[in-house]
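Structural description and commentary
Listed here are the chains, written in short residue letters.
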Amino acid sequence: MSQGIRRRELLTGGAAAAGSLASPSTAAAGLGTQRARHRRLYDVAIVGAGLAGLNAATAVRAAGRSVLVLEARHRVGGRNFDHRLGPGKVAELGGEWAGPGQDKVLGLARELGVETFQTYSTGRSVYYSGGRVQTYSGDIPPASPASLVEVEAAILEFNRMAASVPAGAPWRAPQAVAWDQQTCATWITQNLHTAEARNLAELAIRGVYGEEAKQISLLDLLQAISGVGGDFNTLIGSAQSIRFVGGPQQLSQKLAHRLGRAVRLGVTIRAIELGPPVTVHSERESFSARRVIVTIPKTLAGRITFSPQLPPGLDQLLQRQPNGSVVKVNAIYKKPFWRAQGLNGAATSDTGPIRITYDNSPPDGRPGVLVGFMEGDDSRRFYGVSPARRRRAALASFARYFGEQALHPVGYVDMAWAQEEFTRGAYGSFNPPGVLTALHDPITEPVGPLHYASSDASPQWPGYMDGAIRSGRRAAAQALASL
């Protein structure tokens, strides 16, 4: 979900999931005509109460139209999920970071009275490579000079290639087919020659997507670079420099409070009839609207039963949109003991399961919190294991970087996002090789009364909370224009 080499927010927040989506239940599909006759007709129904869905609903309400938000979970926020540590203090288990240029999420925070603070970075970072712990200042780890030269050259080349890739239509790039036919790992293997440089490059990709570089299209990465302004360093650095006092989930909570009874929790959507009017079916109820905006992860959207069926191109696309795999870990200590050692809590490592860490303490440093990420194959090794075993492995990683004290937290929380029924992975979706140029990406275009929004469907700041807000507002504008 980037940062130092800095890592991307987990999950960059964004669309809320709204269902383990299968065929409609007999009860929902067979509602009697008498009941349907008295059902309220909303202007817009929205599936999912994350930042995309709630910002779409806010825009619809502001236009004077009626809106209903349906969320499968018994909470709002989607991939923003905060664990309370005390009054006004949280450990973020989902998306948490923002950065310069993310005007939509920072503007929303100001509007809602949510303060921000800088990610803690005072002191030296840890670099663990080849079984050796080293510390360093600044942004450049103490890798071998040859490796650092290769990594810097790779970043410059990524930026050069991304300059020709339109953020909203990467298939139009002059070399789109060639770039889409190879994975990020293939490009790294062909262009970087030292093992250390390859490890650092693949670690950076893993930090952006929560997935292995061998699974991700190079064109997808170039599109993401274009979407954050054209610099790979933004993906792995400044985009994660700002945190929210009290956590970012409160952005969704405050929006939902404003919307009041327009937000319904615990409603899992199984089927959508595109009408007219649109009929949205849960297991127990059905709802009618003139337009519908779906804001759940793409892999879940493909599990909704649509009637009539989606256009084959869109249906094929949804079959090819996997999510990354991340376990986000927070270890809680009485105080941030690493600061007394002159360390800032950031670590980059060639050894799993946690290869990336940060200081995740509240603004006043009480309690101390270390956050770490099991990503890609490292996280998959912990599918199905006991929480206790996962905890031991996480703390062993922290101790490798910060010493024996890390083995003795006063609290511990983690989130295995691939096991979340209404998310199915993190940080977000990605395109395997060949998908972007074969299917283009029709998901931002309406299908009759159906619109889609999520952080992964935004050309600007894709995968971030800022992208979710942009996408939700875009979908709302489309729906309102068609009413």
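Everything that follows concerns the structure shown earlier in this document.
Residues numbered from 1 in each chain as written. Predicted model: local features only at pLDDT ≥ 70, side-chain atom pairs only at ≥ 80, totals over all residues. Heavy atoms only, no water.

**Comments concerning the overall build of the protein chain**
Of the regular secondary structure elements, the protein chain holds 18 helices and 19 strands. Whereas a compact globule of 483 residues would reach a radius of gyration of roughly 23 Å, the protein chain reaches 22 Å, a difference of no more than 12%. Along the first, second and third principal axes, the C-alpha set of the protein chain runs to 70 × 55 × 40 Å. In the protein chain, which comprises 483 residues, the proportion classed as buried is 61%. Entry remark: accessible area of the protein chain is about 17600 Å², with carbon and sulfur atoms responsible for 50%. In the protein chain, 52 positive and 38 negative side-chain charges are present, and the distance between their average locations comes to 7 Å. (Helix = DSSP H or I, 4+ residues; strand = E, 2+ residues; numbered from the N terminus. Rg over C-alpha atoms; globule rule 2.2 N^0.38 Å. Buried < 20%, exposed > 50% of the residue type's maximum accessible area, 1.4 Å probe, protein only. Areas by Shrake-Rupley, 256 points an atom, 1.4 Å probe, with all protein chains shown as cover. Lys, Arg positive; Asp, Glu negative; His and termini not counted. Charge placed at Lys NZ, Arg CZ, Asp CG, Glu CD.)

**Some remarks on the pairing of strand 11 (residues 278-282)**
Burial runs high along strand 11: 5 of the 5 residues are buried. The two faces of strand 11 match: V278, V280 and S282 on one face and T279 and H281 on the other face are all buried. Judged from the 4 bridges that link them, strand 10 (residues 269-273) and strand 11 form a sheet pairing that is antiparallel. Paired with I269 across the two strands is S282, which belongs to strand 11. Where strand 10 hands over to strand 11, the hairpin turn is made up of 4 residues, of which G275 adopts a positive phi near 65 degrees. Of the pairings in the sheet, the one linking strand 11 to strand 12 (residues 286-294) comprises 4 bridges and is antiparallel in character. Along strand 12, the bridge assignment pairs T279 with S288. (Pairing = 2+ DSSP bridges.)

**Some words on the pairing of strand 17 (residues 368-375)**
Most of strand 17 is tucked away, with 8 of its 8 residues classed as buried. With burial as the criterion, each face of strand 17 is covered, one bearing G368, L370, G372 and M374 and the other bearing V369, V371, F373 and E375. Summarising the sheet, strand 14 (residues 326-333) and strand 17 pair through 8 bridges and their orientation is antiparallel. Bridged to V329 within strand 17 is G372. Where strand 16 (residues 354-359) and strand 17 come together, 5 bridges link them in antiparallel fashion. Its bridge partner lying in strand 17, I354 is registered against M374.

**Thoughts on the packing of aromatic side chains**
Where two aromatic rings form a pair, the distance of their centres and the angle of their planes describe that pair. In total, this model carries 13 aromatic pairs according to the counting rule given. The interplanar angle of 65 degrees and the centroid separation of 5.8 Å between the aromatic rings of Y128 and Y401 together place this pair among those described as edge-to-face. Of the two residues, Y128 sits in strand 6 (residues 124-129) while Y401 sits in helix 16 (residues 387-402), which places them 273 residues apart along the sequence. Both residues of the pair, Y128 and Y401, count as buried. (Phe/Tyr/Trp six-rings, centres within 6.5 Å; stacked < 30°, edge-to-face > 60°.)

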